[in-house]
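Here are the chains, one letter per residue:
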Amino acid sequence: MDNLTRIGRLKAHVAAREEIERLLAAASRNLRDAHVPGISDETRFDAAYKSVMQCALAGLAVAGYRPATDQPGHHQTMIQSLPLTLGVNREAVLVLDALRKKRNINDYSGDLMDPESLRQCILEAESLLKLARARLTPA
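These lines cover the structure that appears in this document, whether it is placed above or below.

What counts, and where the lines are drawn
Residues numbered from 1 in each chain as written. Predicted model: local features only at pLDDT ≥ 70, side-chain atom pairs only at ≥ 80, totals over all residues. Heavy atoms only, no water. Helix = DSSP H or I, 4+ residues; strand = E, 2+ residues; numbered from the N terminus. Expected span 1.5 Å × (residues − 1). Buried < 20%, exposed > 50% of the residue type's maximum accessible area, 1.4 Å probe, protein only. Contact = heavy atoms within 4.5 Å. Patch = residues over 30% accessible without salt bridge, like charges linked within 9 Å, V, L, I, M, F, W, Y side chains within 5 Å. Areas by Shrake-Rupley, 256 points an atom, 1.4 Å probe, with all protein chains shown as cover. Salt bridge = Lys/Arg side-chain N within 4 Å of Asp/Glu carboxyl O. Lys, Arg positive; Asp, Glu negative; His and termini not counted. Charge placed at Lys NZ, Arg CZ, Asp CG, Glu CD. Polar contact = N/O pair within 3.5 Å; in protein donor to acceptor, adjacent residues only side chain to side chain. Axes fitted to C-alpha atoms, helices over the stretch in contact; angles between N-to-C directions. Parallel < 35°, antiparallel > 145°, perpendicular 65-115°, else oblique. Left-handed = near helix turned anticlockwise from the far one by under 90°.

## Regarding helix α4 (residues 74-85)
Okay, so step 1: An ideal rise of 1.5 Å per residue puts 16 Å on twelve residues; α4 measures up with 15 Å between its terminal C-alpha atoms.
Okay, so step 2: Along α4, the positions that sit buried rather than exposed are T77, M78, I79, S81, L82 and T85.
Okay, so step 3: On the buried face of α4, the contacting elements are α1 (2-6), β1 (10-12), α3 (41-63), β2 (65-67), α5 (90-109) and α6 (115-136).
Okay, so step 4: Just downstream of α4, G87 is the residue with a positive phi angle, here 70°.

Written out as structure tokens, the structure is:
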């Protein structure tokens with residue numbers, strides 16, 4: 001994390017408990033939206049992906065950081081920080097990074113989202129939200 005701060009990918013941040021609670025509540029709302037069958041798979045994928053990002057942001061905030069959003073790559077930085085902030089394993093990080101790339105391609109190509117990627121993104125968001133709640137919410 002120190003290296004990411006040194007190269008400008010992360011910035012120091014002091015988070016209030018309310019900020020973390022809001023992020024996790026938003027992640028939960030987005031995950032619920034991802035389950036709505038009446039909207040497009042692309043929108044559902046975006047909602048699940050947003051849930052992942054909100055969990056990652058909450059993890060960073062609790063650790064005393066926030067991503068530097070004034071340069072590209074902050075989503076990648078947030079995903080790469082998950083092992084240090086929430087204890088996410090390497091395999092899950094690889095899956096999340098692949099979903100990030102899929103989202104970027106979809107956003108810029110307008111292609112349809114395949115059902116398997118949607119399913120995987122929802123599963124990863126559910127898993128990450130469960131982990132974030134367990135690690136970041138006081139007992």
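Next comes the rest of the description.
## So, a positive patch on the surface
Okay, so step 1: A grouping of R29, R32, K50 and R133 is seen on the molecular surface, where their side chains present a positively charged patch.
Okay, so step 2: With respect to the helices and strands, K50 occurs in helix α3.

## Comments concerning the side chain of S117
Okay, so step 1: One can find S117 in helix α6.
Okay, so step 2: A distance of 3.5 Å separates polar atoms of two side chains, one belonging to S117 and the other to K102.
Okay, so step 3: When residues no more than four places from it in sequence are discounted, the contact partners of S117 are F45, L99 and K102.

## A look at the packing of helix α2 (residues 17-34) against α6
To characterise two packed helices, one gives the angle between the axes of the helices and the distance between these axes.
Okay, so step 1: Between α2 and α6, whose axes approach to 10 Å, the crossing angle comes to 155°. Between α2 and α6, the angle falls in the class roughly antiparallel. As for the relative orientation of α2 and α6, their crossing is left-handed in sense. From α2, R17, I20, L24, A27, S28, L31 and A34 reach across to α6, where they touch I122, A125, E126, L129, A132, R133 and L136.

## Examining the pattern of salt bridges
Okay, so step 1: A full pass over the atoms with the stated rule returns seven salt bridges.
Okay, so step 2: Residue D70 pairs with K11 through a salt bridge whose shortest N-O separation is 4.0 Å. Of this pair, D70 sits in the loop between β2 and α4 while K11 sits in strand β1, placing them 59 residues apart in sequence.
Okay, so step 3: The salt bridge partner of R119 is E116, with a shortest N-O separation of 2.6 Å. Linking R119 with E116, this pair stays in helix α6, spanning three residues, or about one helical turn.
Okay, so step 4: Overall, E116 belongs to the partly exposed group, its relative accessible area being 43%.

The quantities given are spatial measurements derived from coordinates; they are silent on function.
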